[in-house]
Amino acid sequence: MKAVLLNDKQRRKIIRTVKPSAADFFSYQNLNLLTAVFDEEKNIYLTLARFMSSAITRTNDNFDEYTYVLLTPLGCFSVNCIERAGKVSGISCPLPVIASKSKITEMICYYHESFSEQRSLKKEAVKEIDLGNKDFTEWYLEKHYFNK
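**Description of the overall build of the protein chain**
(1) Moving on: From N to C terminus, the protein chain includes five helices and six strands.
(2) Moving on: Taken from the N to the C terminus, the helices and strands of the protein chain come in the order β-α-β-β-α-β-β-β-α-α-α.
(3) Moving on: Taken across its 148 residues, the protein chain has 40% of its residues classed as buried.
(4) Moving on: Here the protein chain displays about 8,600 Å² of accessible surface, and carbon together with sulfur accounts for 50% of that area.

**A word on the pairing of strand β2 (residues 35-39)**
(1) Moving on: Burial runs high along β2: five of the five residues are buried.
(2) Moving on: The alternating pattern of β2 places Thr 35, Val 37 and Asp 39 on one face and Ala 36 and Phe 38 on the opposite face, and all of these are buried.
(3) Moving on: Across four bridges, the pairing between strand β1 (residues 2-5) and β2 is antiparallel. Directly across from Val 4, in β2, lies its bridge partner Ala 36.
(4) Moving on: Examined bridge by bridge, β2 and strand β3 (residues 44-52) share three bridges and lie antiparallel to one another. Across the sheet, residue Val 37 finds its bridge partner in β3, namely Leu 46.
(5) Moving on: Linking two consecutive strands that pair antiparallel, namely β2 and β3, is a turn of four residues; a positive phi of about 60° is found at Asn 43 within it.

Quick notes on the rules
Residues numbered from 1 in each chain as written. Predicted model: local features only at pLDDT ≥ 70, side-chain atom pairs only at ≥ 80, totals over all residues. Heavy atoms only, no water. Helix = DSSP H or I, 4+ residues; strand = E, 2+ residues; numbered from the N terminus. Buried < 20%, exposed > 50% of the residue type's maximum accessible area, 1.4 Å probe, protein only. Areas by Shrake-Rupley, 256 points an atom, 1.4 Å probe, with all protein chains shown as cover. Pairing = 2+ DSSP bridges.

So this is what it looks like as structure tokens:
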């Protein structure tokens, strides 16, 4: 497994799956359109689409909700995940034949562990782009998606 940059074709698939809205910042606030975790063995990619902390939801359930996007040879799918104290405790698996719960859990853990690797990729990828005061996802959505 390794952290990789996404290409435009993959970004378009992710956008079609997540359906971010220009009027709703929360629909893309945590969306990562720049990097993903790639599993060579299964030929699948995983990146973050949404995060909701239990501190924000105030449900006293003490779990954080994550939604990831899984790009597979068969298409792009949402994967919902619950994490308690940094450990994956509940996961939806859209295609267990392609990616089992254990494989997705492994990818999610690697996604979090590869933060510095992803940050290095991001720095290199955006150094030629004038993002202004925006992050890459916001810039990309405004340039290629929202203004169409």
